[in-house]
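What follows is each chain in one-letter form.
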Amino acid sequence: MFGIGFQELLVILVVALIVLGPQRLPEVAKSLGKFYRELKSAIDDVKYSVATDLKSVKEIEYDIKSDITKKLEEPVKIDFEKEFEKEIKKSEPVKTVEREKITFKREKSNEDNING
């Protein structure tokens, strides 16, 4: 107990007997024992409340993490599906419209042949 051997404990008891006297020593020992029990009880209560709080914090943390991962996964799936549909629409054959060829070259007319 606290690294105190039997001889040291005996010396402490003898000094306490001399200082307090034989009539008051049992009362002091009784009050020290009561104080020790109350202190131990208070420490146990604090340990229990800290352990309970840590457990509830871990549960809340787990719930928050699972909610965040669910929320993060949903938009990714929706975006992926939208992008996939866009790509499918792009790959569908597109109807092409044939256009007239427009040229800027002048065709030689009869007047140009006569004049030139």
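Going by the structure above, here's the rest.
What counts, and where the lines are drawn
- Residues numbered from 1 in each chain as written.
- Predicted model: local features only at pLDDT ≥ 70, side-chain atom pairs only at ≥ 80, totals over all residues.
- Heavy atoms only, no water.
- Helix = DSSP H or I, 4+ residues; strand = E, 2+ residues; numbered from the N terminus.
- Buried < 20%, exposed > 50% of the residue type's maximum accessible area, 1.4 Å probe, protein only.
- Areas by Shrake-Rupley, 256 points an atom, 1.4 Å probe, with all protein chains shown as cover.
- Expected span 1.5 Å × (residues − 1).
- Patch = residues over 30% accessible without salt bridge, like charges linked within 9 Å, V, L, I, M, F, W, Y side chains within 5 Å.
- Salt bridge = Lys/Arg side-chain N within 4 Å of Asp/Glu carboxyl O.

Along the chain, the regular secondary structure elements total three helices and zero strands. A buried classification covers 1% of the 116 residues belonging to the chain. Just so you have it, the chain exposes about 12300 Å², and 61% of that area is on carbon and sulfur atoms.

Between its terminal C-alpha atoms helix α1 (residues 6-20) stretches 21 Å, which fits the 21 Å expected from 15 residues at 1.5 Å a residue. Immediately beyond the C-terminal end of α1, within one or two residues, lies G21, with a positive phi of roughly 90 degrees.

Moving on to a nonpolar patch on the surface. A surface patch of nonpolar side chains, amounting to about 330 Å² of accessible area, comprises I4, L9, I12 and L13. Along the chain, I12 falls in helix α1.

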